Amino acid sequence: PALLGPLVDHINALPPAHFATRDLVQLHQVHASLTFEIPGLGLGLAPPLRAAAASARRAIPVVTSATQQRVSSALSALGVAHQAEHLVPELSCRVDIALEGTRVALEVLGPLHYIPGTRQLSLKHKLQHRHLQLAGWRAVELPYWELDAAVEEGREMAYVRGKLEAHSLYPSGRHGGALRSRRGGVEEPEAVGPTVQPLATNSNTPGR
């Protein structure tokens, strides 16, 4: 901590234009770590630099995989309202799929999310999931080897439903009104299905 304060002060003394876009994205991660991991120190990026870092993070191009689209289609068929590539404002990042009315994210994890040759999440993605949790979200992981097997066997809808049921997000016998799936704020055709109960939000979540 004794060294961390002066280091943050030095970074804050530099104008946003001093940093390349890639550096700003990394600084955004630093700010998130300071804010969520060690809030008691009161450290963080200065407002101008924080705004530039958040903007750089939000500007990362959105790439939706075919597997993620399959999961979204399965959710629509199950009647579960959701939004693809949902922006989490307090983290200035997107989650693959957010269940509407909740703070639950379905994360479709491909091989690049893991340490090569293992089934262990990379440090980067572990940190992202931890920050989601600290921000009051629950991340439900859908690893590629499970999804690939489900697709090959033609049971991706059953797989997605099983994941929801395992996390008490698809109660059997419970039916709600019309639900909609959205992407980028555009509503798609309605489907009738179960109502997903919202999770309690974290009232201690720091703002940006």
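What counts, and at which threshold
Residues numbered from 1 in each chain as written. Predicted model: local features only at pLDDT ≥ 70, side-chain atom pairs only at ≥ 80, totals over all residues. Heavy atoms only, no water. Helix = DSSP H or I, 4+ residues; strand = E, 2+ residues; numbered from the N terminus. Buried < 20%, exposed > 50% of the residue type's maximum accessible area, 1.4 Å probe, protein only. Contact = heavy atoms within 4.5 Å. Areas by Shrake-Rupley, 256 points an atom, 1.4 Å probe, with all protein chains shown as cover. Salt bridge = Lys/Arg side-chain N within 4 Å of Asp/Glu carboxyl O. Phe/Tyr/Trp six-rings, centres within 6.5 Å; stacked < 30°, edge-to-face > 60°.

**Q** Help me get a handle on the overall build of the chain, residues and values and all.
**A** For the chain, the count of helices and strands is 7 helices and 8 strands. Within the chain, the proportion of its 208 residues that are buried is 39%. Across the chain, every contact between residues at least 6 apart in sequence was considered, and the portion connecting residues at least 24 apart equals 63%. Summed over its atoms, the accessible surface of the chain is roughly 11,300 Å², and 56% of this surface lies on carbon and sulfur atoms.

**Q** Got a sec to walk through the pattern of salt bridges? Specific residues and values, please.
**A** One pass over the structure, following the stated rule, counts 6 salt bridges. Notably, a salt bridge pairs Glu153 with Arg155, separated by 2.4 Å at the nearest N-O pair. Judged by its relative accessible area of 34%, Arg155 is partly exposed. Glu165 is the salt-bridge partner of Arg161, the closest N and O atoms lying 2.9 Å from each other. Here Arg161 pairs with Glu165, and both are found in helix 7 (residues 156-166), just 4 residues apart, close to one helical turn.

**Q** Account for the packing of aromatic side chains, with residues named and values stated.
**A** In the structure shown here, the tally under the stated rule is 3 aromatic pairs. Measuring from ring centre to ring centre gives 5.2 Å for Tyr114 and Trp145, while their planes differ by 55°; the resulting arrangement is tilted. On the criterion of sequence distance, the pair formed by Tyr114 in the loop between strand 3 (104-109) and helix 5 (123-134) and Trp145 in helix 6 (residues 144-152) is long-range, its members being 31 residues apart. A relative accessible area of 6% places Tyr114 in the buried class. Ring centres of Tyr144 and Trp145 lie 5.2 Å apart, and the angle between their planes is 85°; this geometry places the pair in the edge-to-face category. Judged by its relative accessible area of 25%, Tyr144 is partly exposed. Among the residues examined, Trp145 registers a relative accessible area of 23% and is labelled partly exposed. Following the ring pairs from residue to residue traces out a cluster consisting of Tyr114, Tyr144 and Trp145.

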